Amino acid sequence: MGVTIRTVAEAADVSPATVSRVFNDTAPVDPDTREHILNTADRLGYVPNATARSLSLDETHTFGVLLPFLTGEYFPEVIRGLDRAAREHNRLLMLSSSHHSSETLCRALGSMNGRIDGLVLMLPQLDPAAYRDHLPADVPAVLLNSTAEGHDLSALSIDNREGGRLATRHLVDRGHERIGIITGDPATQETHERLAGYRAALRTAALPAREEWVVEGDFHRASGEAGARTLLAASPRPTAIFASNDYMAMGAIRALQADGHAVPGDVAVVGFDDLPNAEHFSPALTTIDARMVDLGTEAIALLMEKTEGEACSRRVRRLAPSLTVRSSCGAAPCDRTRSAR
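A. Structural detail: the layout of surface pockets. Of the pockets and cavities examined, the second largest pocket occupies roughly 520 Å³. Lining the second largest pocket are 21 residues, and of these Phe69, Phe75, His100, Phe219 and Asn245 sit closest to its centre. Sorting the residues of the lining of the second largest pocket by element identifies α5 (74-88) and α9 (189-204) as the ones contributing at least two each. Taken together, the residues of the lining of the second largest pocket break down into eight nonpolar, eight polar and five charged.

The following block contains the structure:
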């Protein structure tokens, strides 16, 4: 048999109830006794039974996380923030992915039911009304980068409209008057918000927003390549491109270079997200910092407030983006410029 609470109690010369109080935090224990029990348990290699602990406390100390995917460069950065904050609060994470499928989402939610104390959901392509009834009862949930409208869930996102405005304004400040945009997946809220920020910056600068300079993408690199070639065929063609994420910006740069156009000499490019690879790309990518790690840490902070009873009401928060200037826009690299909002 493995090491049990009774084994630890006998070795520490205390009662099993005292050992249980130490590991379940159900009642105060003398600090010296507590330290002695923990040292004894560590020496014996005792591992608390998480299932028994959850039954006795009516909590699991585990948060569920549902993301569209767990791979790439974007989602691991969000997970890094989630994991860092969860560990700081002595919580575990149960991860799964939806692959933009309602059926997969419902199966994942069903497997988490009864096993989590809180839930983080990033489902930008799904309407919350489609899965609201499938969420575990009485489990607080936080939506990441999803619409904050039409539901009663707490929501946390980057200010995508402001990010789009910052990116476009920077190109305006660099002297560009013909600025194109490669938008993201039209099924996501962030696509429309970033496009709105682009249009707002052009209006403020009294510059035209020609429809032939607005090209639809899907957040993948290939659509950035196709979008850049479409913009190059416009007459007149843009001298600068704002791509709605870094993958498309990288694709656009490769297409421009393949067609003999220098970046930023002939066409300047700005992206959105600030992926880990952005600064190592050639040319290094000017981009909007989407605060991916911060989204993860702030989501855990919101769940901790709710699970500890500090905040029961719905929260809606938007994190301020910043501009990271590198080589692809034609400006000298400098420190990040945080939004003034």
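Having seen it, we continue.
B. Molecular detail of the pattern of salt bridges. Scanning all chains against the criterion turns up 13 salt bridges. Note that Glu103 is salt-bridged to Arg107, the shortest N-O span being 3.5 Å. You can see Glu103 and its partner Arg107 sitting in helix α6 (residues 102-112), four residues apart, about one turn around the helix. The exposure classification of Glu103 matches that of Arg107, with both residues exposed. One salt bridge in this structure joins Glu162 and Arg165, with 2.7 Å as the shortest N-O distance. Placement of the pair is Glu162 and Arg165 together in helix α8 (residues 160-173), with a separation of three residues, close to one helical turn. Taking relative accessible area as the criterion, Arg165 reaches 22% and is therefore assigned partly exposed.

Analysis parameters
Residues numbered from 1 in each chain as written. Predicted model: local features only at pLDDT ≥ 70, side-chain atom pairs only at ≥ 80, totals over all residues. Heavy atoms only, no water. 1 Å grid on protein atoms, 1.4 Å probe; cavity = no way out; pocket = protein on both sides within 12 Å on 5 of 7 lines; lining within 4 Å. Points joined across faces, edges and corners; volume = space filled by probe spheres on them. Helix = DSSP H or I, 4+ residues; strand = E, 2+ residues; numbered from the N terminus. Nonpolar A, V, L, I, M, F, W, Y, C, P; charged D, E, K, R; others polar. Salt bridge = Lys/Arg side-chain N within 4 Å of Asp/Glu carboxyl O. Buried < 20%, exposed > 50% of the residue type's maximum accessible area, 1.4 Å probe, protein only.

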